[in-house]
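Notes for the structure review
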Amino acid sequence: MLEKKEQLYEGKAKKVFATNDPEIVIVSYKDDATAFNGVKKGTIVGKGVVNNRMSNYLMEKLEKEGIPTHYVKELNERETAVKKVSIVPLEVIVRNIAAGSLSKRLGLPEGTPMKRTVLEYCYKCDALDDPMVNEYHILAMEYCTEQELKTIADMALKINAYLVKYFASINVELVDFKLEFGKTTDGKIVLADEISPDTCRFWDATTHEKLDKDRFRRDMGGVEDAYKEMMKRVLG
Ligand code: TMP
Ligand code: ASP
């Protein structure tokens, strides 16, 4: 029987607790929302439930596709048991359609389809505002090894191929998303963190209505309804 022990960490959207099993931790999803590295703060009522359940559902599907993940077991609507990993300090961003910071940086109108999938890396460091880095920086700084980086890039592209098709089946365009990877105690790279409206851009495929955290970032209103709509489409 898994027992929840002391809190190990509190992030912007989740808390992590130790358990009686040294290989397992419990993640607890909050309704707290931040944007722009914590500068904008708010609450999205029910977000923790949506993100927990949606992320678990997608990780189970990805496991069946042969993608190793940290997912172990959903405990309740906000809490999940996951493998304890050391997080590779990279945000891995996958882009299918231009939006957000890519649109700004390259002067591409939001909605422009990318001719090839774009992978970007940011160094996870709040004090530096998660700066973008390339493969050379990552290897020179030893954020991970060359082999690990290859595994991460291959997994990110495989995850994208699966998710694009899956979301299309529920009439959602997967514009872009952010992944994080962890290393288990035996050195295996697994998908970690979450896949949710906090970490993905989802557009309704017919109306192009935004169904994700951009509604919060951009003060568009209808934030809770967008999360609820995504939960309904994914979990029925
Ligand atoms: P960006 O266009 O702001 O760089 O965001 C790209 C994708 O990454 C988008 O789906 C939102 C997600 N993202 C996060 O999950 N966390 C972050 O801190 C940022 C900046 C983006
Ligand atoms: N998670 C980020 C924050 O720090 C930002 C975002 O999702 O836009 O506040």
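Below, the structure is looked at part by part. Predicted, not measured: the structure shown is a model, and the values here were computed from it.

Attention shifts here to helix 6 (residues 223–235). Here helix 6 contains 13 residues, and its C-alpha end-to-end distance of 18 Å stays within 8% of the 18 Å for a straight helix at 1.5 Å per residue. Of all the positions in helix 6, only Val 223, Ala 226, Tyr 227, Met 230, Met 231 and Val 234 are classed as buried. The buried residues of helix 6 occupy an angular sector of 135 degrees when projected down its axis, which confines them to one face. Pointing more than 90 degrees away from the buried face of helix 6 are the exposed residues Asp 225, Lys 228 and Lys 232. Along its buried surface, helix 6 packs onto helix 1 (47–64), helix 4 (146–168), strand 12 (172–183), strand 14 (200–204) and helix 5 (214–217). Of the residues flanking the end of helix 6, it is Gly 236, one or two places downstream, whose phi is positive at about 80 degrees.

Looking now at the site of ligand 2. Lys 12, Thr 34, Ala 35, Phe 36, Asn 37, Gly 38, Lys 213 and Arg 217 make up every residue found near ligand 2. Between ligand 2 and Gly 38 there is a distance of 2.9 Å, counted from an oxygen atom to a backbone nitrogen or oxygen. The separation between an oxygen atom of ligand 2 and a polar side-chain atom of Lys 213 is 2.8 Å. Burial of ligand 2 by the protein chains amounts to 71% of its free accessible area of 270 Å². When the residues that make up the shell around ligand 2 are grouped by side-chain class, the tally is two nonpolar, three polar and three charged.

Cut-offs used in this document
Residues numbered from 1 in each chain as written. Chains lettered and ligands numbered in written order. Predicted model: local features only at pLDDT ≥ 70, side-chain atom pairs only at ≥ 80, totals over all residues. Heavy atoms only, no water. Helix = DSSP H or I, 4+ residues; strand = E, 2+ residues; numbered from the N terminus. Expected span 1.5 Å × (residues − 1). Buried < 20%, exposed > 50% of the residue type's maximum accessible area, 1.4 Å probe, protein only. Arc of directions from axis to C-beta. Contact = heavy atoms within 4.5 Å. Near = heavy atom within 4 Å. Polar contact = N/O pair within 3.5 Å; in protein donor to acceptor, adjacent residues only side chain to side chain. Areas by Shrake-Rupley, 256 points an atom, 1.4 Å probe, with all protein chains shown as cover. Nonpolar A, V, L, I, M, F, W, Y, C, P; charged D, E, K, R; others polar.

Shape descriptors only; they carry no functional weight alone.
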